[in-house]
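Notes for the structure review
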Amino acid sequence: MATFEKLMLDLSQQLHLHQVISGNDDSEMERLGAFDICYLEAINQLGKPTIGTVSHLLDQSTPNTNYHVKKLVSLGLIDRVMDKKDRRVAHLFVTDKYRSMMRAGGDDFWKRLQEDLGGKVSADDIATFQRVLKETVTLLRRSGLDKRIEENKKRKD
């Protein structure tokens, strides 16, 4: 595994672990299983995917994905919005409730992390790191990941 890839994977896993732990005392979080979290994160990262896109990405059946989507909708963590052009297609969005659950306890965490980094890394390096992260996210979003997943799904079908 390339060093950059490993560092980004390690970073994302540590941040996800922090989010799950910091929201752990919330009764809504306790009702979520591991796959529910996977669905939420996939929907969050893809932006406005369809059920088919999420199913394909997580290698799950459509009925299984529908089950999880209904559960997450009933908990108020995602919204399901019908496509205006094709009413057979529904797009999924995470809600503000989900975002606030993921930020629970986050302000102190981020402040402490920035202070700790400030003691070990120069302000210029932190600014460079922030710029690189922002560009990385922008490039990944522009890559059209959700469209590529749909294209791969169609090729397999």
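Description of the structure in this document. As the structure is a computational prediction, the values presented were derived from the model and not from experiment. (Residues numbered from 1 in each chain as written. Predicted model: local features only at pLDDT ≥ 70, side-chain atom pairs only at ≥ 80, totals over all residues. Heavy atoms only, no water.)

**A few points about the overall build of the protein chain**
This is how it is decided: Only runs of H or I of at least four residues qualify as helices and only runs of E of at least two qualify as strands under DSSP, and these elements are numbered from the N terminus. Type-normalised accessible area, obtained with a 1.4 Å probe on protein chains alone, sets the label of each residue: buried when under 20%, exposed when over 50%, and partly exposed for intermediate values. For this analysis, residues touch if any pair of their heavy atoms sits within 4.5 Å. The Shrake-Rupley method, run with a 1.4 Å probe, gives the accessible areas here. Residue values count only the displayed protein chains as cover.
Check the secondary structure of the protein chain and you find nine helices and two strands. Reading the helices (α) and strands (β) of the protein chain from amino to carboxyl end gives α-α-α-α-α-β-β-α-α-α-α. Expressed as a percentage of its 157 residues, the buried residues of the protein chain come to 27%. For the protein chain, the share of sequence-separated contacts (at least 6 apart) that also reach a separation of at least 24 residues comes to 56%. Summed over all atoms, the accessible surface of the protein chain reaches about 11,100 Å², with 54% contributed by carbon and sulfur.

**Thoughts on the side chain of D83**
Selection rule: Polar contacts, as counted here, are pairs of nitrogen or oxygen atoms within 3.5 Å of one another; within protein the pair requires one atom able to donate a hydrogen and one able to accept it, and residues that are adjacent in sequence qualify only if both atoms are side-chain atoms.
Examined against the element boundaries, D83 turns out to sit in the loop between β1 (78–82) and β2 (90–94). Within polar-contact distance, the side chain of D83 engages the backbone nitrogen of K85 at 2.7 Å. Polar side-chain contacts of D83 include one of 2.8 Å to the side chain of H91. If sequence neighbours within four positions are ignored, D83 has contacts with V89 and H91.

**Focus: the nonpolar core**
Put simply, the rule is: In these notes, a set of buried Ala, Val, Leu, Ile, Met, Phe, Trp, Tyr and Cys residues joined through side-chain atoms within 4.5 Å is what counts as a nonpolar core.
One finds L32, L40, L72, L77, I78 and L92 to be the most contacted residues of the largest nonpolar core, which totals 17 residues. Looking at this core, the element that brings in the most residues is helix α3 (residues 34–46), giving four residues. Once residues within four sequence positions are removed from consideration, L92 is found in contact with I43, G47, K48, P49, T50, I51, V54, V69, I78, D79 and R80.

**Section: the pairing of β2**
Short version of the rule: Two strands make a pair as long as DSSP finds a minimum of two bridges between them.
Taking burial as the measure, the five residues of β2 include four buried ones, the bulk of the element. With five bridges connecting them, β1 and β2 associate as antiparallel partners. The residue bridging I78 from the neighbouring strand is V94, located in β2.

**Quick look at α3**
We count it as follows: Take the number of residues in a helix, subtract one, and multiply by 1.5 Å to get its expected span.
Between its first and last C-alpha, α3 extends 18 Å over 13 residues, near the 18 Å set by a 1.5 Å rise per residue. Burial in α3 covers these residues: D36, I37, Y39, L40, E41, A42, I43 and L46. Of the residues one or two after α3, G47 is the one with positive phi, at around 95 degrees.

**Concerning unusual backbone geometry**
In the Ramachandran plot, D59 falls in the positive-phi region, its phi being about 55 degrees despite a non-glycine side chain. When you line up the elements, D59 lands in the loop between α4 (51–58) and α5 (62–74).

**Focus: the pattern of salt bridges**
Threshold: Put simply, a salt bridge is a Lys or Arg side-chain nitrogen that is within 4 Å of an Asp or Glu carboxyl oxygen.
Per the counting criterion, the structure on display carries three salt bridges. The salt bridge involving R88 is made with D86; its shortest N-O contact spans 3.0 Å. Note that R99 is salt-bridged to D96, the shortest N-O span being 3.0 Å. Here R99 pairs with D96, and both are found in helix α6 (residues 96–103), just three residues apart, close to one helical turn. The partly exposed category is assigned to R99, whose relative accessible area is 34%. Residue D96 is classed as exposed on the basis of its relative accessible area, which comes to 60%.

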